[in-house]
Amino acid sequence: MKIKNICCIGAGYVGGPTMAVIAQKCPEINVTVVDINEKRIAAWNDKDVENIPIYEPGLSKIVAEARGRNLFFSTDIDSAIDKADMIFISVNTPTKTYGIGKGMAADLKYIELCARQIARVSKSDKIVVEKSTLPVRTAEALKNILDNTGNGVNYQILSNPEFLAEGTAVDDLLSPDRVLIGGDIDTKKGKEAVQALVDVYTHWVPNERILTTNVWSSELSKLTANAFLAQRVSSINAMSELCEKTGADVNEVARAVGMDSRIGPKFLKSSVGFGGSCFQKDILNLVYIAKSFGLYEVADYWEQVIIMNDHQKRRFAANIVKTLFNTVSGKKIAFLGWAFKKDTNDTRESASIYVADYLLNEQAEIVIYDPKVKEEQIYADLDYLNSRTEEENRKRVSVVKDPYEAGKEAHAIAVLTEWDEFRTLDWKKLYEDMLKPAFLFDGRRLLDRKTKEDIGFDFYAIGS
Ligand SMILES: NC(=O)C1=CN([C@@H]2O[C@H](COP(=O)(O)OP(=O)(O)OC[C@H]3O[C@@H](n4cnc5c(N)ncnc54)[C@H](O)[C@@H]3O)[C@@H](O)[C@H]2O)C=CC1
Ligand SMILES: O=C(O)[C@H]1O[C@H](OP(=O)(O)OP(=O)(O)OC[C@H]2O[C@@H](n3ccc(=O)[nH]c3=O)[C@H](O)[C@@H]2O)[C@H](O)[C@@H](O)[C@@H]1O
């Protein structure tokens, strides 16, 4: 079966870049990305391709090539569903904030709405692809909704989780470690559906990197991959605290350990704690699923990854207070970085939000500089926590466009994101403009200790 029309519901960090690459690589397939968010769709359609709503290196060029040719962005969801032979669901699946499973389970209301809309609109057979990260066995619920509409349409459900990381999305999509496709491989129609999606990817992904499994393995593999990745960060962060007590250096330990080919060198960078929209959400979801099957030891095991991460954020903040003679009340602390990692403007679950909140509770004054994050986003992140009034957040936190302004007359500087530009700042100038003793806290192991101490800083770095 040859796919001619693809529809993707959800034009976010995953739907947008993924479909742009599919459209670029498969010029004979029409790809329409739809969303209920009109502003977002308008931004994807902006005449100036640099204004597309997601910043990812290399993305605007791909969009420029395919948009209007075989890549379209639209709010007409019904018509795109109607035309499509394959529909990707790429909507958000946040942690539930209400009801049963509050704070743990994935909120599947957006997924269900998509399924109901597909069921209502479809007149011809469809392959429905789960692109969002979902709890294992969600495909069963989707199939139930789709098959019970009684309009004679045949649906095949596939799971095709996405493994891209923000900041490197385009490279990750163009040359993925693997593409995972789960389907009903025991039936003829199921096999055909899997093959149809395999044929889309083989336009640019080598066959040996395309892995097919049953649906449940595919759904669970995505949660597992994120849990393992986050676990590595929590593992090295746990060691960072021990390093600080013993005179070992976490970078040296990571290097020594990572050279063991069974362990490998990646994802062993100690930090102030992992952030991003997915690690915490997906592990909480895994913990919830394990508990719902009565697997309490499994749940506790994975929950520890989150507990360690929360501890790392808290202890970084607590160390600032302790080092500044046990009080930061009324003291100015400069933050370099607010994004959850470099090369993205995404701040979801960024460690900086929680470090700031802790210090604000201790009555600090915070001045923030980040090269890509907008002021309104920073205030929105703090307001969302509900720790104090919006007025108070604006009174005690300021956002500046220049790192030197942030450092002026500060008691301390804290590096929260590993932006490359922070390495090459004029640290001598920063030092001179600060109050003395001038404290510098490196939450990313970005800066060289010796040169900073030679300048005169009281220097603290995670894990050394
Ligand atoms: N952000 C990332 O780097 C990655 C995310 N994922 C997963 O992909 C999924 C999507 O994540 P993001 O793209 O980051 O989310 P996002 O929040 O950036 O985008 C989701 C979009 O879906 C739209 N939407 C929600 N309900 C809709 C409906 N009923 N009809 C039409 N549009 C609807 C929203 O308006 C929003 O624009 C999540 O399950 C996430 O866990 C997976 C891999 C990487
Ligand atoms: O499902 C998802 O959303 C995605 O989640 C992560 O991607 P992402 O969160 O975009 O970025 P990462 O590079 O994984 O970084 C996550 C956090 O961990 C931190 N980190 C990462 C690596 C490391 O060694 N140390 C460390 O502290 C980063 O600074 C960042 O805060 C995974 O890497 C992707 O494979 C996955 O598709």
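Residues numbered from 1 in each chain as written. Chains lettered and ligands numbered in written order. Predicted model: local features only at pLDDT ≥ 70, side-chain atom pairs only at ≥ 80, totals over all residues. Heavy atoms only, no water.

1. What about the domain arrangement of the protein?
Line of reasoning, step 1. Here the protein is described as being made up of domain 1 (5-213) and domain 2 (307-461).
Line of reasoning, step 2. When each unit is reduced to the centre of its C-alpha atoms, the spacing between domain 1 and domain 2 is 37 Å.
Line of reasoning, step 3. Approximately 660 Å² of surface area, both sides summed, lies buried where domain 1 meets domain 2, with 46% of it carried by carbon and sulfur atoms.
Line of reasoning, step 4. It is Tyr-13, Tyr-55 and Glu-166 that lose the most area in domain 1 upon contact with domain 2, and together they represent 76% of the buried surface on that side.
Line of reasoning, step 5. Along the contact surface separating domain 1 from domain 2 lie 1 salt bridge.
Line of reasoning, step 6. Of the charged contacts, one joins Glu-166 and Arg-348 as a salt bridge, the two residues approaching to 3.6 Å between their closest N and O atoms.
Line of reasoning, step 7. Where domain 1 packs against domain 2, one counts 1 residue pair in polar contact (both at pLDDT 80 or more).
Line of reasoning, step 8. Of the residues in the side of domain 1 that touches domain 2, the class split is 4 nonpolar, 2 polar and 1 charged. (Domains from an automatic or database assignment. Buried area = accessible area lost by both parts, 1.4 Å probe. Salt bridge = Lys/Arg side-chain N within 4 Å of Asp/Glu carboxyl O. Polar contact = N/O pair within 3.5 Å; in protein donor to acceptor, adjacent residues only side chain to side chain. Nonpolar A, V, L, I, M, F, W, Y, C, P; charged D, E, K, R; others polar.)

2. Things to note about the packing of aromatic side chains
Line of reasoning, step 1. All chains considered together, the criterion is met by 14 aromatic pairs.
Line of reasoning, step 2. Considering the side-chain rings of Phe-325 and Phe-439, the 5.9 Å spacing of their centres and the 70° angle between planes classify their relative orientation as edge-to-face. One end of the pair, Phe-325, is in the loop between α12 (296-323) and β9 (332-336); the other, Phe-439, is in strand β13 (residues 439-442), with 114 residues separating them in the sequence.
Line of reasoning, step 3. Clustering of aromatic rings is evident, with ring pairs tying together Phe-316, Phe-325, Phe-439, Phe-441 and Tyr-460.
Line of reasoning, step 4. The ring of Trp-216 carries Arg-137 above its face, with NZ or CZ at 4.0 Å from the centroid.
Line of reasoning, step 5. The ring of Tyr-55 has Lys-372 sitting right over it, with the charged end atom 4.8 Å from the ring centre. (Phe/Tyr/Trp six-rings, centres within 6.5 Å; stacked < 30°, edge-to-face > 60°. Helix = DSSP H or I, 4+ residues; strand = E, 2+ residues; numbered from the N terminus. Lys NZ or Arg CZ within 6 Å of the ring centre and 35° of its normal.)

3. Concerning the UniProt feature "domain: UDP-glucose/GDP-mannose dehydrogenase C-terminal" (unreviewed entry) in the protein
Line of reasoning, step 1. The feature "domain: UDP-glucose/GDP-mannose dehydrogenase C-terminal" (unreviewed entry), as given by UniProt, occupies residues 334-449 in the numbering adopted here.
Line of reasoning, step 2. Taken end to end, residues 334-449 is 36% helix and 16% strand, and its first and last C-alpha atoms sit 19 Å apart. (UniProt positions renumbered as here; feature names shortened; annotations may be inferred.)

4. Notes on the layout of surface pockets
Space left empty within the atom packing is revealed by a probe, the size of a water molecule, rolled over the atoms.
Line of reasoning, step 1. Counted as a void, the second largest pocket has a volume near 330 Å³.
Line of reasoning, step 2. When residues of the lining of the second largest pocket are traced back to their parent elements, those giving at least two are α5 (109-121), α6 (138-147) and α11 (279-292).
Line of reasoning, step 3. The residue makeup of the lining of the second largest pocket, split by class, is 13 nonpolar, 3 polar and 3 charged. (1 Å grid on protein atoms, 1.4 Å probe; cavity = no way out; pocket = protein on both sides within 12 Å on 5 of 7 lines; lining within 4 Å. Points joined across faces, edges and corners; volume = space filled by probe spheres on them.)

5. Regarding the site of ligand 1
Line of reasoning, step 1. Close to ligand 1 lie 26 residues; Val-14, Asp-35, Arg-40, Thr-93 and Lys-281 are nearest.
Line of reasoning, step 2. Here Val-14 contributes a backbone N or O atom positioned 2.9 Å from an oxygen atom of ligand 1.
Line of reasoning, step 3. Separating a nitrogen atom of ligand 1 from a backbone N or O atom of Ile-36 is a distance of 3.4 Å.
Line of reasoning, step 4. Relative to its free-state accessible area of 840 Å², ligand 1 is covered by the protein chains to the extent of 91%.
Line of reasoning, step 5. Among the residues making up the shell around ligand 1, the classes are represented as 10 nonpolar, 9 polar and 7 charged. (Near = heavy atom within 4 Å. Areas by Shrake-Rupley, 256 points an atom, 1.4 Å probe, with all protein chains shown as cover.)

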